[in-house]
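A look at the structure
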Amino acid sequence: MPELLKTDNSNAVLDQVSQIPPSKFKLLSNDDLDKLQEFLQSGIGTEENPQQYQRQLKSLPLFQTVQGERKCIEGHNSVFILKTECSGKFPDLFSINADGNIFLKYNLVNTHLSENMDISILTELGFYVKFLLPSLHTLTEAQVLDSIRLLLVLRKDPTYKEYHDKIVAKLRTVKFIRDIRGTLQLTSYFFDEKEPLYKIMLPLVKFVPPTFWKLFEQKKKSAVSRLLKDLGMKHTVSDEEIIEFALTIQSEAQGKTSVEELRRKSSALFKKAVEYNVTNIDSNLLNRIATIKFVFPVRIQKDLCDYHQPLVGERDLVGIKGSLIEENSDHQYLIWSSMPILPADSLPQSHLEHLKKAGAFHQPPCDLVAQNLKNICQSGCANHYLRNIRKTAFCKSYAYLQSKHFSASLLQDLPVVLVENDAALVQASQAVLILDDYKEFRPYLYRISPRHALYAEFFKRIGVEERPTIRQYSVVLKDIFMDSKRKETLNANQQLTMKRSVQHLFQLMKDQPQQIQFQETLYLPSADGKLYKSNDLYFNDTVFQKKRLEDSLKDKISLLMNLGHCHLGRDMYKHQKLLKLLPEPIRPTMLSHVTTKRLARSRMKSCEYGESCEFSGSFREKLSFGPFLHGLTCLIRQQSEGTMSHDHAVELCQNTFGRLKITCCESLETELFFGDEPLANTASETQVHVKKETQGFTFYLKHSDDIASKVIHKVTTLLTKEMNFLLGNILCPDHLNTLGQLLLCDTQEDIEKTLEEYGIHYSANKEEGHHHLDPGSPIPEEWYDALDMNFMNNYEGGEYVGFKKISEDELYYYAVIVERLDVSSEGQYCCKYKIQIGTNEFVEVSSLDLYQFKRKKTSASKQNHGREILLVDGPVPPPKKDFPKTFKEIKREIDDCLKEICTLSKDEQKKALRRLYLRWHPDKNPEQEELANEAFKYLKNKFKEFEQNGGPGQSSSSKNYRGQNKSGQSSWSWNFKDFYDEWDSEATRHRQGREKFYRHNSGPHYNFSSFHQDMPRTDRAEAKRWYSQAQCDLDAAHNDTGGGSPEWCLFKVHQAVEKALMAAEYRRCGKRSPNCSISSLAQKVSCYSPELSALPGLVSRLKHLGVNAKTTQYPSYHTPPKIPNNTFQPENETEVLDIASELLQKVDTFITN
């Protein structure tokens, strides 16, 4: 080591010394270590990195502690240099573990260290206060006593006063004196034995034992005594001797002192204390001893103790404060288990006032009366004697509390309400003042006895309702559920209570909907008789047969019990309304929300008649009938009271029925589904079923050969219901009946009459395009542009056309083609036609005065009209050629037309030229405007050439048009400019009419045929089919003559006549009128053509001769004993057959022309 010290570089030395193992330092003497420490410390202030140097120095085991050991000081929380003279005398105190702190010995080298490293120097008193005092609770008993001895020394320190309060406060919490039993006690536990009174009042254990005093030198006992007094040892006797004696009695009561001696001391002290307080005006003695339990209370009467033990026992003492002054013997019934009673019977009234001031009560407090009820309500009553005691106590308590203001929360959830003839106690929530059917609610809900009605105000204040609440009924159901949770079924009484609870619960919700609020889980009965959570149950609100649906679901779900079994009547609609009163989260699931009826496709069999089925065809025609759809539109608008616009209503109908199919089935069954799961054994036949498809809806009808009114009515009723469903159930029941009647209408007039009869506004007008298509009536101007100006058209009998009476007339009229007459000598396209322009009014006109309605191609042409109902064109005549696609085609058509026009008379030429001009006018061809402009320009150039050349013979370009008209005049002699303004003006009116249509009809396209679906359309082929069958029926009638069965001849004649008249309808209208008599059919058909005007008379003659479908078949149409066979005369057969033949011949002429 000396060689190491020869260097002046302390840092180099430190680096070398740091390499030496700590154990090697023990080989050095204390002087060497001090010198080394001193040398290394000297370099602290000279190094460039003093922090690193200090850290390296602290890590060396050079520093001497107060115990004399050499340790490093690196890693300790704090380092102190302890300046002490007592460390040798109390080594254990100075070697305590001070939470990572280290205490160095106070010497010269460590003093220098303090200066170099800013280490604090600590005094013994500082060490005591900072480290020893906080650790007193962790020291051994011997160390604590040493700390007391050390403190006796440190009390002489001049700075002790600064720490006196802190030291005293801490030592008062430390137990370091053992009593005579050897138990460590706080100083405050002991009394100074030098005071004689304490010897009388206190036991020996309350004094510091001699063994403690022997632990200190005799000369220091006085200082120890002063210290103990400073630390809380009681040493001064005051006027509180009475208080101390009271405490003594209180303590002795816990020991083995006899009750007689305690009663003697208690009685004497109680009287003395009261007298002392009365005689000493300024005395506060009673208040000071009010809480000391030194008084024996009044003994409680025996019957009350038999029912429930009193608050205090035989040896129990009580204080003045909080006790009751006995002024009324009935008070014992109110508080014997919750409050003591002071023996004040021998005290004058003036003394009692002082007791009140000290905290005694002269009246039982309400909270303690309530506490008494709480204590005694749990006691059993095994016999009538005890029940009478309980009844008396409770009734006195009811009356007392009713007369006071008290908090109802004191008795909350306590069984303090007497019920069952006072034999039982229940909570306030389990009782009500008024309860219908109260016997059926026991033991879950009780009615308070009328004998206790005088306490009604008290009962209401503690929460007893006048009548049961929703919550109470819910709790009753919940309690029954909990009681029966592990049982197979409810017992008979539980079933009664359950059903009555459900009844009263729903009636209450209905009568007081504003109070509907559920705080409890609601349990309701299921069909199996048990209770389940209400939202786990299902209510059968479906229209399906109960056996069909419920039997298939019994193993899948729990159905709500029929509420009729719960005294709620049999009206399921009422039940449904009651359930809807429940909040949605706890409401049973409606089966209609999770069950559906679907088509049983595996059992479905198609109708054998296919597309020709008359049964489904009649309904198909109804649903596609334009006036019907418009009537439905009017009905929807009436339902909305006009808030829905006409266009919106039309759009709703189109979206709903725009893709409607009708499928007829020989057998039609549905089955029920729960969610997406089919339910076994639920297949059932049905008449009508509707199914939503991807592109619309399909109505499935079960075929019926019987189209009697009963069947039609049934199907119509079902269709009405399903149609309303598709419309979102927007129609009320009254309007549903109207919808059913509309389905039975055959004509526009029938529709309008039905709407009128049911008070429905006919919300269309002429401007909207819906009008009668009666022959002779004016065509609305908005449809002028729909008239085809091409004069090279053919017309068929029965076809609806436009008609212009004279060329100068600006109006167009409806007309019906009756027949085509011979071709005119003026050319192929100037034929004569007989047309109907009014009822029985017919005229012959030129084809140039007739106009077909344009028929544009629609998607309908690609659909199967036999099975799908589209709001587009129905059967139509052969379609016209499309608008030419190229200008070359247009020029060819114009040239062809001009050739034909050359052959016409001057009057006919003007008509044809006008039509040709309008045909290519741009205003009338908005969809082909570019081609129309080219065509129009070409046409006007042609007109100009003819005008300039003076006729076709003067120009090579007009050689193709060379010819003469019927009068032999030149083919062209017109100044076309004279007509341009007139024709342009007409084209403009046509365009304006079309634009007007679009302004009033946002939905449909500009298509006359699709817009007027009720417009008659001839069906010659079908007419011929029906007529052929009529002829066969007539031949069959001929075969039955002379056979003795005239009724069969007459019946077959009826069949022949009926089919012939229907053939005429197909020829004219394209459809027949179902369910019409032959008389009404004849009357209707007679208007179609003059040659048919005689048909009503012929039918009348036939009926007079017995031709009738019913009377020729059924005996019920004859007076007994007659039957059809012996009613009709055989001699009439020939006449009937002749009349029928004449009728068929007239029809044949009509349908073949």
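Source: prediction; values computed, not measured.

Thresholds applied
Residues numbered from 1 in each chain as written. Predicted model: local features only at pLDDT ≥ 70, side-chain atom pairs only at ≥ 80, totals over all residues. Heavy atoms only, no water. Helix = DSSP H or I, 4+ residues; strand = E, 2+ residues; numbered from the N terminus. Buried < 20%, exposed > 50% of the residue type's maximum accessible area, 1.4 Å probe, protein only. Areas by Shrake-Rupley, 256 points an atom, 1.4 Å probe, with all protein chains shown as cover. pLDDT = per-residue confidence, 0-100. Contact = heavy atoms within 4.5 Å. Salt bridge = Lys/Arg side-chain N within 4 Å of Asp/Glu carboxyl O. Pairing = 2+ DSSP bridges. Core = buried A, V, L, I, M, F, W, Y, C linked by side-chain atoms within 4.5 Å. Axes fitted to C-alpha atoms, helices over the stretch in contact; angles between N-to-C directions. Parallel < 35°, antiparallel > 145°, perpendicular 65-115°, else oblique. Left-handed = near helix turned anticlockwise from the far one by under 90°. Nonpolar A, V, L, I, M, F, W, Y, C, P; charged D, E, K, R; others polar. Arc of directions from axis to C-beta. Phe/Tyr/Trp six-rings, centres within 6.5 Å; stacked < 30°, edge-to-face > 60°. Lys NZ or Arg CZ within 6 Å of the ring centre and 35° of its normal.

Brief notes about the overall build of the chain
Per the secondary structure count, the chain includes 40 helices and 32 strands. Each of the 1153 residues in the chain was classed as buried or not, and the buried ones make up 48%. On the chain, roughly 57,400 Å² of surface is accessible, and the fraction owed to carbon and sulfur atoms is 47%.

Some thoughts on the confidence of the model for the chain
On average, the chain scores 83 in pLDDT, and the residues at 70 or more come to 90%. Taken element by element, the chain is modelled with least confidence in strand 32 (residues 868-870), mean pLDDT 39, and with most confidence in strand 14 (residues 523-525), mean pLDDT 95. For residues 765-770, every residue scores under 50 in pLDDT, and the model assigns this stretch 20 contacts once sequence neighbours within four places are set aside. With pLDDT under 50 throughout, residues 857-881 is counted as low confidence; its partners more than four residues away or in other chains account for 57 contacts.

Focus: the pattern of salt bridges
When charged atoms on two side chains of opposite charge get close, those side chains can pair. Evaluation of the coordinates by the stated rule reveals 31 salt bridges. Across the pair Lys 71 and Glu 69 runs a salt bridge, and its minimum N-O distance is 3.4 Å. Among the ionic pairs, Glu 440 bridges to Arg 500, the shortest N-O distance being 2.8 Å. Within this pair, whereas Glu 440 is found in the loop between strand 12 (431-432) and strand 13 (446-447), its partner Arg 500 is found in helix 21 (residues 492-511), the two being separated by 60 residues in sequence. Because the salt bridges share partners, they merge into one network encompassing Lys 391, Asp 422 and Arg 451.

Overview of the sheet that holds strand 16 (residues 537-539)
One open sheet accounts for three strands, arranged 17-16-18; its pairing is parallel. What marks the edges here is a single partner per strand, and that holds for strand 17 (558-559) and strand 18 (589-590). Inspection of the sheet shows strand 16 paired to strand 18 by two bridges, in the parallel sense. In the sheet register, Phe 539 faces strand 18, and the bridge partner there is Met 590.

Here's the deal with the nonpolar core
Ranked by internal contacts, the top residues of the largest apolar core, which has 46 residues, are Phe 394, Leu 401, Leu 411, Val 416, Val 417, Phe 459 and Ile 462. Going through the elements one at a time, helix 14 (302-307), helix 15 (331-335), helix 17 (366-376), helix 18 (384-402), strand 10 (417-419), strand 11 (424-426) and helix 19 (456-461) are the ones with two or more residues in this core. Top element by residues in this core is helix 18. It accounts for eight residues. For Leu 401, the residues in contact, after removing those within four places along its chain, are Cys 366, Val 369, Leu 373, Phe 406, Leu 411, Phe 458 and Arg 461. Of all hydrophobic cores here, the second largest spans 43 residues; its members include Ile 96, Val 224, Leu 227 and Leu 231.

Looking at the packing of helix 2 (residues 30-42) against helix 4 (residues 108-117)
Interaxial distance between helix 2 and helix 4 falls to 10 Å at its minimum, and their mutual angle equals 20°. Classified by the angle their axes make, helix 2 and helix 4 are roughly parallel. The handedness of the crossing between helix 2 and helix 4 comes out as left-handed. Each of Asp 34, Gln 37, Glu 38 and Gln 41 in helix 2 lies in contact with helix 4, whose residues at this interface are Val 109, Asn 110, His 112, Leu 113 and Asn 116. Broken down by class, the residue content of the contact of helix 2 with helix 4 amounts to two nonpolar, five polar and two charged.

Brief notes about the packing of helix 38 (residues 1078-1085) against helix 39 (residues 1095-1104)
Between helix 38 and helix 39, the least distance of the axes is 8 Å, while the angle of their chain directions is 165°. Between helix 38 and helix 39, the angle falls in the class roughly antiparallel. Helix 38 and helix 39 meet at a crossing whose hand is right-handed. Along the contact surface, helix 38 presents Ile 1078, Ser 1079, Ala 1082, Gln 1083 and Val 1085, while helix 39 presents Leu 1095, Pro 1096, Val 1099 and Lys 1103. Split into classes, the residues belonging to the contact of helix 38 with helix 39 amount to six nonpolar, two polar and one charged.

A few points about the pairing of strand 30 (residues 841-846)
As paired strands, strand 29 (residues 832-838) and strand 30 are joined by six bridges and run antiparallel to one another. Each bridged residue has a counterpart across the sheet, and for Tyr 833 the counterpart in strand 30 is Val 845. Hairpin connection between strand 29 and strand 30: a loop of two residues separates the two successive antiparallel strands, and Asn 840 in this loop has a positive phi of roughly 55°.

With respect to the environment of Tyr 538
In this structure, Tyr 538 sits in strand 16. Residue Tyr 538 is classed as buried on the basis of its relative accessible area of 18%. Residues Tyr 538 and Thr 589, spaced 51 residues apart in sequence, show a C-alpha to C-alpha distance of 4.7 Å. If we skip the residues at most four places from it in the chain, Tyr 538 touches Ile 557, Ser 558, Leu 559, Leu 560, Thr 589, Leu 591, Val 594 and Phe 674.

Things to note about helix 1 (residues 10-18)
Here helix 1 has its buried residues at Ser 10, Val 13, Leu 14 and Val 17. Here the buried residues of helix 1 occupy an arc of 100° about the axis, which is enough to place them on one side. Buried residues in helix 1 make contact with helix 2 and helix 3 (50-58).

Observations concerning the sheet that holds strand 30
Reading across from one edge, 30-29-28-27-31 is the order of the five strands in this open sheet, with antiparallel pairing throughout. The open sheet is flanked by strand 30 and strand 31 (850-851), the only strands paired with a single partner.

Topic: unusual backbone geometry
With an omega dihedral of 5°, the bond running from Arg 442 to Pro 443 counts as a cis peptide bond. With respect to the helices and strands, Pro 443 occurs in the loop between strand 12 and strand 13. Backbone geometry at Asn 421 places phi at a positive 55°, although glycine is not the residue there. Within the secondary structure, Asn 421 sits in the loop between strand 10 and strand 11. Under the relative-accessibility criterion, Asn 421 is labelled exposed at 62%.

Brief notes about the packing of aromatic side chains
For the structure shown, the criterion picks out 34 aromatic pairs. Taking the centre distance of 6.2 Å and the plane angle of 45° together, the rings of Phe 176 and Phe 212 count as tilted. Within this pair, whereas Phe 176 is found in the loop between helix 7 (160-171) and strand 6 (177-178), its partner Phe 212 is found in helix 9 (residues 210-213), the two being separated by 36 residues in sequence. One exposure class covers both Phe 176 and Phe 212, and it is buried. Centre to centre, the rings of Tyr 917 and Tyr 980 are 5.4 Å apart; their planes meet at 20°, and the pair counts as stacked. Of this pair, Tyr 917 sits in helix 32 (residues 906-919) while Tyr 980 sits in helix 34 (residues 977-1000), placing them 63 residues apart in sequence. Take Tyr 917: its relative accessible area is 0%, and that puts it in the buried class. On the basis of relative accessibility, which here comes to 14%, the residue Tyr 980 falls in the buried class. Counting every residue linked through ring pairs, the aromatic cluster contains Phe 394, Tyr 398, Phe 406, Tyr 455, Phe 458 and Phe 459. Looking at Lys 206, its charged tip hangs above the ring of Tyr 189, at a distance of 3.9 Å from the centre. Positioned above the aromatic ring of Tyr 333, the side-chain terminus of Lys 396 is 5.4 Å from the ring centre.

Focus on the side chain of Gln 64
When you line up the elements, Gln 64 lands in strand 1 (residues 63-64). When its relative accessible area of 9% is taken as the criterion, Gln 64 is described as buried. Residues in contact with Gln 64, not counting those within four places in the same chain, are Asn 30, Glu 69, Arg 70, Leu 104, Lys 105, Asn 107 and Asn 110.

Quick word on the side chain of Arg 914
Mapping Arg 914 onto the fold places it in helix 32. Looking at Arg 914, the relative accessible area reads 6%, which means it is buried. Those residues within four positions of Arg 914 in sequence are excluded, and the remaining contacts are Lys 804, Tyr 812, Tyr 851, Trp 983 and Glu 986.

Some details on the environment of Val 1053
Along the chain, Val 1053 turns up in helix 37 (residues 1046-1069). Residue Val 1053 is classed as buried on the basis of its relative accessible area, which comes to 0%. For Val 1053 and Asp 1033, which are 20 residues apart along the polypeptide, the C-alpha to C-alpha distance reads 6.8 Å. Once you skip the residues sitting within four places of it in the chain, Val 1053 turns out to touch Leu 1034, Ala 1037, Leu 1102, Val 1107, Val 1136, Leu 1137 and Ala 1140.

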